[in-house]
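Observations on the model geometry
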Amino acid sequence: MNNKGGIIALLVAFLSISAYFLLRTWKANDIRKDAEAFATDKSGKIDYAKKQRYLDSLWKKPVFLGTTTEDLTKQELGLGLDLQGGMSVILEVSPAEILRSLAASARDPKVATAIENAQKRAVSTNTNFVDLFAQEYKKLAPDTKLASVFSNSSNRGTLSLESSDSQVVNYIKKEVDGAFDRAFRIIQTRVDKFGVANPNLQRLSGTNRIQVELPGVDNPDRVRKLLSGAAKLEFCEVYTMQEIAPAIDGLAGILLQMDIEARKKAPAAAETTTASTPKDSSKNSLSAQLAGGAKGDSTKGDSTALAQRQNNAFSNLFIPTGYGLAVRTKDIARVKEVMDRSDVRALFPANASYVFDIKPRANGTNTSEEIVDMYFVKDLGKAPLEGDVVTNASQDYDERGKPAVEMQMNAEGARKWKALTGANIGRPIAIILDNYVYSAPNVNGEIGGGRSSIAGNFTVEEAQDLANVLKAGKLPAPTNIISEDIVGATVGSEAAQAGIISSLVGLLIVLGFVLIYYNKAGVIADIALIVNLFLLLGVMASFGATLTLPGIAGMVLSVGVSVDANVLIYERIKEELALGKTFKDAVRDGFKNAMSSIIDSNVTTLITGVVLFVFGTGLILGFATTLLIGIFTSLFSAIFVSRLFFEYYISKGKSVSFVTKWSEKLFKDSKFDFVSKRKLYYTISSAIIIAGIISIAIKGFGLGVDFLGGRTYIAKFTQTVNTEDIENALKPTFEGQAIEVKTFGGFDQVKITTPYKIENTNTEVEKDIQASVNKVLANVNGNSGKVVSSSKVGPTIANDAIWGAIKAVLISIILVFAYIYIRFRKLAFGYGSLVALLHDVLIILGVFSILRGFLPFSLDVDQAFVGAVLTIMGYSMNDTVVVFDRVREYLAEKRDLKEDIPTVINNALNSTLSRTAVTGFSTLLVLLVLLIFGGETIRGFVFAMFIGVIVGTYSSLFVATPIVVDGMQRDMRKEAEKLAAAAPVAAESKKSKKA
């Protein structure tokens, strides 16, 4: 083995890095547990504000090898919503609202009609909404140019009345995209400020949609309001410290009193001060120091004891900055509690509100901590000027060449802005978005004309960000929730427990099976499997990946991939030993000869994994991530880790046994005739497929809410329930619309699905519907139940999911076909793989239709099912490619012999039979455990994979390879016919030459 030292060093490095990131994950979870214990009272009730204060206090502090809590949470192996509960939503920036705003000045009734028609068409097509609108408007007004509708004074530099329709469409698309970018930034800021550990926010490529996952949230209504509200931009006047000096003095007094009360409750506690606590005071009031612009830690002179104590109490929370106040980021939650007290609010003017700057900065006196500036503004929520008057804003440069922001307002805004700036010369005006200050520039003079330049110590990026903030108020583009999924904490913990237990049991069974089958070599394979899982978890943690239930299934599948690579190597080594080679030579040649099959089989799995990663969302994305990482870690473990152990034994002059008494003669010298009865196998497969097609035509599929659109509620009852009773009880609530009620994971739990009011995106409607459902379920014939999780999928996203699923399957088939053709250079192999893939997909669809209603778990066809189908396609091609690889090898070796193609291919199939059986059986063992113990959430997903492994193994042996036989024989006949046809012509040519 070349470069053994380098491989050992690489393995040690990988294991060390994985251990480091897994320890980080353990530490982050440990801190969260400590925070929960700190915030839990004697009755077991958790004070979430207190818990957040604990986490905030450690957020910027080094807690693990110099790493802060903030950094730990960014790179840890987090749990998905299905394992810990929480909420996931998909938001869409409404292009219809943007179009209405852009065309508001035209007052053309045809615009509203065209928008409504476009909205109806958008449900059933993937065409861009702006293009749909343009088409609908042209139907209504064929002779009217779009420029006459959308050209106005605010876009005079971009559009004119002479602009073509395509130019107008491009302008609208640009505005829609800009609104989406601004909405994403706003949502990102809202999520960051929400106080949830490990939130996940991503743009869904190719759409104006944003997916937000918030683990652990327990107030869905608050989330809906937070995420779907339109952005509010305000320009507010700012109170100076002199103006609120008495309030600051009163606040210091209240803080002192709170400190005294706290000491009485905990007399042994030591007095805590911060680095910025003032030691002396030159005046008797804190407000006098602030009004004078002095630093809180630089005052000198005599002071009364009371003033000193007030200053100390005040400085424990607030930092005087010379021009105002700031607070440490770790103290924000505590400051909010204090400022929201009724006695504190009473100290300040009635129209005063406190707001924080959006960006923290380093504390000048202590650079290891971050602080946030705090402002007291006037009339927040009823500001004299709001963002709807801003017509444009852009990043520019001032007269000194430094980044600045140019802002333009409409006529009404220009008038109000002139009055506002004129009244605040020499004072700041705060630019506030969603109650956070993005900038507070000083007014140098009265600004008329509606054009302003905002200068400061901006970087180009900061100036661009501020321009985007100002433009956020330009268009009323609220984000609508078009899909949501809520998982209760109890449901999540049960799923986590079921997933972990089933995976561990499955892993132990596989380790035991490999040990029994391969004897001492099985021990090496088992060590490689464990190393593979350790590396897989470590890599996921380093990426900050999220572990979901399908992700656990992906880990299980990666175990199967790892087993397969070891089996391919071991079977090759056994063949080399049977030829009489030494153990050293057999190991060398076995690894070398297995490499082609290993690479080919894993590339096909990689292709389907990439397709899943690109087109999948939510849980399927988690599965794809785990599967892709698992492919590389399993290959590394099987090829290098296993080889290191074999090299160790070789260096010691020892050998390793690959068989036990039980497995020694199993599949040895097998001579099954796979090819001669291929027509029988074709007939069997055709019969199953036809039965499935008939079932699909008669019964159809149980389409999941992903593809149908609708609302789904999982409800748990105290006793066994009758689904008909629940359906009858809910009919009045859903006003006669369709309801489907199924048992879900037990006879005391049901899944309720309905399309009721699915097109209504109002957050209050969602709240009211769930409240009505809970009211009905509270008493169904004396049985009490409640909703433990829910989901909603709008019709537009359901349609997109269907098209996305079809696209993913087709792309996967095309890519696999292309790879097979490139690798094997014969269309017969490509046709064999293509027919086998279609065969597997059709049989699985047929089985799901035939068995729907007969099995005690859901067989809905949804995105998880599509993920399973794609995975099965990868597994099937993995199996098929291994067989094809051996067929190609045998054809090359037997080319000069007289054996016909069926005989050669039969021998190739028999030579790979042991590998096919061991890999298939070990994978089925794990899937069977997951199917029984894995929980209801993934039972349909695992069942599809279980059936798929059986069908995929069958198709590799009895469909794909026999088709290769037929194809190659057909090609040989055509070649023979060509040669026969060419022979008389050649003879005639010779005669003519002689003549």
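Attention here is on the structure that accompanies the text. (Residues numbered from 1 in each chain as written. Predicted model: local features only at pLDDT ≥ 70, side-chain atom pairs only at ≥ 80, totals over all residues. Heavy atoms only, no water.)

**Structural notes on the overall build of the chain**
Basically, it comes down to this: The helix and strand labels rest on DSSP assignments: H or I over at least four residues marks a helix, E over at least two residues marks a strand, and numbering proceeds from the N terminus. Exposed residues in this analysis have more than 50% of their type's maximum accessible area, buried residues have under 20%, and partly exposed residues fall in between, with area computed by a 1.4 Å probe over protein chains only. The criterion used for residue contact is that any of the two residues' heavy atoms lie within 4.5 Å. Note that accessible areas follow from Shrake-Rupley with a 1.4 Å probe, and for residues the cover is restricted to the protein chains shown.
In terms of helices and strands, the chain carries 32 helices and 24 strands. Looking at the chain as a whole, 52% of its 995 residues qualify as buried. Pairs at least 24 apart in sequence give 74% of the contacts found in the chain among residues at least 6 apart. Surface exposure of the chain reaches about 45100 Å², of which carbon and sulfur atoms provide 57%.

**Details of the environment of Ser784**
Checked against the element boundaries, Ser784 lands in the loop between α26 (763-777) and β24 (785-793). On the basis of relative accessibility, which here comes to 35%, the residue Ser784 falls in the partly exposed class. Excluding anything up to four places from it in sequence, Ser784 contacts Lys716, Phe717, Thr718, Leu777 and Ala778.

**Focus on the packing of aromatic side chains**
Our working definition: To pair, rings of Phe, Tyr and Trp, with the six-membered ring standing in for Trp, must have centres within 6.5 Å; the planes then decide the type, stacked if under 30 degrees apart, edge-to-face if over 60, and tilted in the middle. In our convention, an over-ring charge means Lys NZ or Arg CZ found within 6 Å of a ring centre and within 35 degrees of that ring's normal.
Scanning all chains against the criterion turns up 31 aromatic pairs. For the ring pair Tyr20 and Phe21, a centre distance of 5.2 Å and an interplane angle of 70 degrees mean the geometry is edge-to-face. Look at Phe21 and you get buried, because its relative accessible area is 12%. Aromatic pair Tyr954 and Phe958: ring centres 5.1 Å apart, planes at 35 degrees, arrangement tilted. You can see Tyr954 and its partner Phe958 sitting in helix α32 (residues 939-994), four residues apart, about one turn around the helix. By the ring-pair criterion, three or more aromatic residues cluster together here, those being Phe513, Tyr517, Tyr518, Tyr570, Phe583, Phe591, Phe646, Phe658 and Phe921. Directly above the aromatic system of Tyr239 lies the positively charged group of Lys378, at a separation of 5.0 Å from the ring centroid. The ring of Phe591 is capped by Arg643, whose NZ or CZ atom sits 4.8 Å from the centre of that ring.

**Looking at the sheet that holds strand β23 (residues 749-754)**
For clarity, the cut-off: DSSP bridges decide pairing: two strands pair if at least two such bridges lie between them. Inter-axis angles, ranging from 0 to 180 degrees, are taken between N-to-C directions of lines fitted to C-alpha atoms, where helices are fitted over the stretch in contact.
Pairing within the open sheet is antiparallel, and its eight strands lie in the order β5-β6-β4-β19-β24-β21-β23-β22. Across the chains shown, the open sheet's two edge strands, defined by having one partner strand only, are β5 (200-204) and β22 (740-743). Ignoring strand direction, the axes of neighbouring strands in this sheet form an average angle of 20 degrees. Across the sheet, helix α25 (residues 723-730) is in contact with β21 (710-717), β22 and β23; its angle to β22 comes to roughly 150 degrees.

**Notes on a positive patch on the surface**
Operational definition: Think of a patch as exposed residues, more than 30% relative accessible area, with no salt bridge, where like charges cluster within 9 Å and nonpolar side chains (Val, Leu, Ile, Met, Phe, Trp, Tyr) cluster within 5 Å. Salt bridge, as used here: a side-chain nitrogen of Lys or Arg that lies within 4 Å of a carboxyl oxygen of Asp or Glu. For this count, His and the chain ends are skipped, Lys and Arg are scored as positive, and Asp and Glu as negative. In this description, the location of a charge corresponds to atom NZ of lysine, CZ of arginine, CG of aspartate or CD of glutamate.
Where like charges cluster on the molecular surface, the positive patch consists of Arg970, Arg973, Lys974 and Lys978. Among the secondary structure elements, Lys974 is positioned in helix α32. Of the residues examined, Lys974 reaches a relative accessible area of 47% and is grouped as partly exposed.

**As for the sheet that holds strand β15 (residues 403-409)**
One open sheet holds the three strands; their spatial order is β14-β15-β18, and the pairing between them is antiparallel. The open sheet has two edge strands, β14 (390-397) and β18 (451-455), and neither has a second partner. Between one strand and the next, the sheet's axes are offset by a mean angle of 20 degrees, whatever the strand orientation. As paired elements, β15 and β18 share five bridges and run antiparallel to each other. When the bridges of β18 are listed, Glu406 appears paired with Ser453. The sheet strands contacting helix α16 (residues 411-422) are β15 and β18, and the helix crosses β15 at an angle near 115 degrees. Of the strands in this sheet, β14, β15 and β18 touch helix α17 (residues 460-471), which is tilted by about 175 degrees from β14.

**Observations concerning the nonpolar core**
Let me state the cut-off plainly: The criterion is simple. A nonpolar core is a set of buried Ala, Val, Leu, Ile, Met, Phe, Trp, Tyr and Cys residues joined through side-chain atoms within 4.5 Å.
Formed by 124 residues in total, the largest nonpolar core has its most connected members in Tyr570 and Phe646. The greatest single-element share of this core, amounting to 16 residues, is contributed by helix α29 (residues 863-893). Among the nonpolar cores identified, the runner-up in size contains 45 residues, and Val176, Ala183, Val223 and Ile481 belong to it.

**Notes on the pattern of salt bridges**
Applying the stated criterion across every chain, the model contains 33 salt bridges. For Arg361, the salt bridge is made with Asp373, and the minimal N-O distance between the two is 2.9 Å. Residue Arg361 is found in strand β11 (residues 361-363), and its partner Asp373 is found in strand β12 (residues 366-378); the two are separated by 12 residues along the sequence. Note that Arg572 is salt-bridged to Glu889, the shortest N-O span being 2.4 Å. Residue Arg572 is located in helix α20 (residues 549-578), and its partner Glu889 is located in helix α29; the two are separated by 317 residues in the primary sequence. The exposure class of Arg572 is buried, given its relative accessible area of 4%. The exposure class assigned to Glu889 is partly exposed, which follows from its relative accessible area of 24%. Three or more residues are tied together by salt bridges with common partners; here these are Glu576, Lys581, Asp585, Arg588 and Asp589.

**Looking at the pairing of strand β19 (residues 479-487)**
Among the nine residues of β19, seven are classified as buried, and the element is accordingly described as predominantly covered. Sheet analysis places strand β4 (residues 86-93) next to β19, joined by eight bridges and oriented antiparallel. Residue pairing for β19: Val93 is matched across the bridge by Thr479. As paired elements, β19 and β24 share five bridges and run antiparallel to each other. Paired with Ile486 across the strands is Ser790, a residue of β24.

**Let's talk about the packing of helix α5 (residues 95-102) against helix α9 (residues 165-192)**
Let me state the cut-off plainly: Any angle between 65 and 115 degrees counts as roughly perpendicular, while under 35 counts as roughly parallel, over 145 as roughly antiparallel, and the rest as oblique. Left-handed describes a crossing whose near helix is turned anticlockwise from the far helix through less than a right angle; right-handed describes the clockwise counterpart. Residue polarity follows a fixed list, in which Ala, Val, Leu, Ile, Met, Phe, Trp, Tyr, Cys and Pro are nonpolar, Asp, Glu, Lys and Arg are charged, and the others, Gly among them, are polar.
Packing of α5 against α9 leaves a shortest axis separation of 10 Å and a crossing angle of 125 degrees. Relative to α9, the element α5 is oriented oblique. Relative to α9, α5 is oriented so that their crossing is right-handed. Here Pro95, Ile98, Leu99 and Leu102 of α5 lie close against α9, whose contacting residues are Tyr171, Ile172, Glu175, Val176 and Ala179. Class assignment of the residues belonging to the contact of α5 with α9 gives a composition of eight nonpolar, no polar and one charged.

**Some details on unusual backbone geometry**
Comment: phi is negative for the bulk of residues other than glycine, and the bulk of peptide bonds are trans. Notably, Asp434 is not glycine yet its phi reads approximately 55 degrees, a positive angle. Looking at Asp434, the relative accessible area reads 21%, which means it is partly exposed. Of note in the backbone geometry, Asn435 takes a positive phi value of approximately 65 degrees without being a glycine. Within the element layout of this structure, Asn435 appears in the loop between β16 (429-433) and β17 (436-439).

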